[in-house]
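Structural overview
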Amino acid sequence: MRKVIATGVLCLATMIAAAQYPGYTLLADDAAFVTRFSAASQKTSTIKSDFTQEKNLSLLADKIVSKGKFWFKKENKVRMEYTTPFQYLMIINGSDIYVKDSQKENKISAKSNKLFQQINTVIVECVQGKALQGSDFSTRIFEGSSSFLAELTPINKNMKSLFKNINLVIDKKDDAVSKIEMHEPSGDYTIISFVNRELNTTLSDALFAVH
Amino acid sequence: MRCLLFISCLLGVMACSSAYQKMQKLNGDANCIESFSPSFSRALYSTKVNVVGKHLSGLLIIKTMPDSSIRMVFTNEAGFSFFDFGFRGDDFTVYHIVEQMDRKAVVKTLRKDFELILMQHIDEVSSNMLKDGREYYHVFQRKGDYYYYITDSACSKLIRMERWSRRKKVMEAIAVDYMMGIPDSIGIKHNNFDFTIELKRIYDHADQ
């Protein structure tokens, strides 16, 4: 009887999970995925890409769309340059963050600005795939026809206050993150889609220089 | 550059401010101010905040909702929301605010600053008008706060806005270059501490 109930609960959970992400099925065993994704991450030393960021304001039924260019270099260097509809540059180089808006440029020590550190570390770790292996999130992996979806749910209280969950869409073609969805507790969410991705091209360190 | 010019003008004007007690009291229709009331159907602003030596930038979206309330959401450029406020006359709602900003004094200051800009307290009951040289001060009172809208004699131009406590000026603001009822630039400067907000309208997908 217990086995029947347990199987029923498992089936129900699988159905609910599948309904949550149409086109995706929950992987009961994600070991193969983890091995595959880790191997791909190991081989990826640089990423160069365009991106579109869509900030969805659920209660306002509105969204803010911005576009720009993205560069990543192992281990922990990221450059995000927003070009439209505003200009904004953010460089993350280890524990240093450099931001430049239309008025000022600022070097921020991630250690001195915890909120900034947490938000930006999440972006870097999501691109790297490190977020899947870290201890900040519990993970469920879903498989679709052309991509995997990794659902990351924060474990610690601090991270929970910032994000309800973060979803990474990983393209099966190159096993690279093609989309990051950051869901906030308020119901608002931001989707960053990476297009025209180029892996392992030569990127100068100067791109990530924090002055 | 234009924004810098506005802020410079604002600073110049502040230096010349005089005590309201000495002004001439007038009978007049203070509600001419309503013609300057902004109509934020939907507007996105590039936002710069300077507070006690710290600089913060982001995006502010202001939108009028179907129930005629005004919602205001401030996010950083990467899309993370700092606060989400709702204004409707004397009513104010905090829909969301990050823990780091969730301080009574911060919320109260932002609420009152934006209530001045959004002209949420314009009514006949509390209105008054004063004259100081060529400037006309349209005054609206809410509890211990005084909201001033300063115009020319014909009430054809809104020169600046100010908020006073019972004794002293707390802050002043400008809203300029209106297009379809939406100001292109907004500047806020506090008197009692180093705090400025600059908003410059940007046009995104929704405006195209």
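Computed from a predicted structure; not experimentally measured. (Residues numbered from 1 in each chain as written. Chains lettered and ligands numbered in written order. Predicted model: local features only at pLDDT ≥ 70, side-chain atom pairs only at ≥ 80, totals over all residues. Heavy atoms only, no water.)

Turning our attention to the overall build of chain B. The number of helices and strands found in chain B is two helices and 13 strands. Looking at the 208 residues of chain B, the share that counts as buried comes to 56%. A separation threshold of at least 6 residues defines the contact pool for chain B, and within that pool the share at least 24 residues apart is 44%. In the form shown here, chain B has an accessible surface area of approximately 9,900 Å², with 53% of it arising from carbon and sulfur atoms. (Helix = DSSP H or I, 4+ residues; strand = E, 2+ residues; numbered from the N terminus. Buried < 20%, exposed > 50% of the residue type's maximum accessible area, 1.4 Å probe, protein only. Contact = heavy atoms within 4.5 Å. Areas by Shrake-Rupley, 256 points an atom, 1.4 Å probe, with all protein chains shown as cover.)

As a further point, take the pairing of strand β4 (residues 70-75) of chain B. Look at any regular strand and the pattern is simple: side chains alternate between the two faces of the sheet. Residue and element names in this part refer to chain B. Buried residues dominate β4, accounting for six of its six residues. Here β4 shows a buried face lined by Ile70, Met72 and Phe74 and a second buried face lined by Arg71, Val73 and Thr75. Across six bridges, the pairing between strand β3 (residues 54-64) and β4 is antiparallel. Bridged to Ile62 within β4 is Met72. Where β3 folds back on β4, the antiparallel hairpin that results is connected by five residues, among which Ser68 adopts a positive phi of roughly 70°. Looking at chain direction, β4 and strand β5 (residues 81-88) are connected through six bridges and run antiparallel. Directly across from Met72, in β5, lies its bridge partner Phe85. Between the antiparallel neighbours β4 and β5 lie five residues, among them Gly79 with a positive phi of about 100°. (Pairing = 2+ DSSP bridges.)

Take the packing of aromatic side chains next. Evaluation of the coordinates by the stated rule reveals 19 aromatic pairs over all chains. A network of ring pairs unites the aromatic residues A:Phe163, B:Phe74, B:Phe80, B:Phe82, B:Phe83, B:Phe85, B:Phe87 and B:Phe92 as a single cluster. The ring of A:Phe148 has A:Lys172 sitting right over it, with the charged end atom 5.1 Å from the ring centre. For the cation-ring pair, B:Arg71 lies above B:Tyr95, with the distance from its terminal atom to the ring centre recorded as 3.5 Å. (Phe/Tyr/Trp six-rings, centres within 6.5 Å; stacked < 30°, edge-to-face > 60°. Lys NZ or Arg CZ within 6 Å of the ring centre and 35° of its normal.)

Let us look at the pattern of salt bridges. Residues and elements named next belong to chain A. Considering all chains together, one arrives at 24 salt bridges over all chains under this definition. Here Arg79 and Glu81 are joined by a salt bridge, their closest N and O atoms 3.1 Å apart. You can call Glu81 partly exposed: its relative accessible area is 25%. Where Glu151 meets Arg140, a salt bridge forms, and the shortest distance between an N and an O atom there is 2.8 Å. (Salt bridge = Lys/Arg side-chain N within 4 Å of Asp/Glu carboxyl O.)

All names here are of chain A. With 13 residues, helix α2 (residues 31-43) extends 19 Å between its outermost C-alpha atoms, agreeing within 8% with the 18 Å of an ideal straight helix rising 1.5 Å per residue. Listed in full, the buried residues belonging to α2 are Phe33, Phe37, Ala40 and Ser41. Down the axis of α2, the sector holding all buried residues measures 100°, keeping them to one side. With respect to the buried face of α2, the exposed residues turned more than 90 degrees away are Ala32, Thr35, Gln42 and Lys43. (Expected span 1.5 Å × (residues − 1). Arc of directions from axis to C-beta.)

Attention now moves to the confidence of the model for chain B. Residues and elements named next belong to chain B. When the pLDDT values of chain B are averaged, the result is 85; 84% of them are 70 or greater. Looking across chain B, the model is least confident in helix α1 (residues 2-15), with a mean pLDDT of 41, and most confident in strand β12 (residues 182-190), with 96. Here residues 1-18 scores under 50 on pLDDT; set against residues more than four positions off or in separate chains, the count is 24 contacts. For this predicted complex, the interface confidence comes out at an ipTM of 0.78, alongside a pTM of 0.82. (pLDDT = per-residue confidence, 0-100.)

A few words now on the pairing of strand β8 (residues 135-142) of chain B. Residue and element names in this part refer to chain B. The element β8 is extensively covered by neighbouring structure, given that six of its eight residues are classed as buried. Bridge count for strand β7 (residues 127-132) against β8 is six bridges, and the pairing is antiparallel. What sits directly across from Leu130, in β8, is Tyr137. Here β7 hands over to β8 after two residues, with Gly133 in that stretch at a positive phi of 65°. A loop of two residues connects β8 with strand β9 (residues 145-151), the two strands running antiparallel in sequence, and Lys143 in this loop sits at a positive phi of about 50°.

Turning our attention to the interface of chain A and chain B. Each partner contributes residues to the interface: chain A has 29 residues there, and chain B has 29 residues. Here chain A meets chain B over a buried area of about 2,600 Å², counting both sides, of which 61% is carbon and sulfur. Taken together, the links from chain A to chain B amount to two salt bridges. The salt bridge involving A:Asp62 is made with B:Arg42; its shortest N-O contact spans 3.1 Å. Here chain A is connected to chain B by 14 residue pairs in polar contact (both at pLDDT 80 or more). The set of elements that each furnish at least two residues to the side of chain A that touches chain B consists of β2 (46-57), β3 (62-73), α3 (114-128) and α4 (157-162) of chain A. (Buried area = accessible area lost by both parts, 1.4 Å probe. Polar contact = N/O pair within 3.5 Å; in protein donor to acceptor, adjacent residues only side chain to side chain.)

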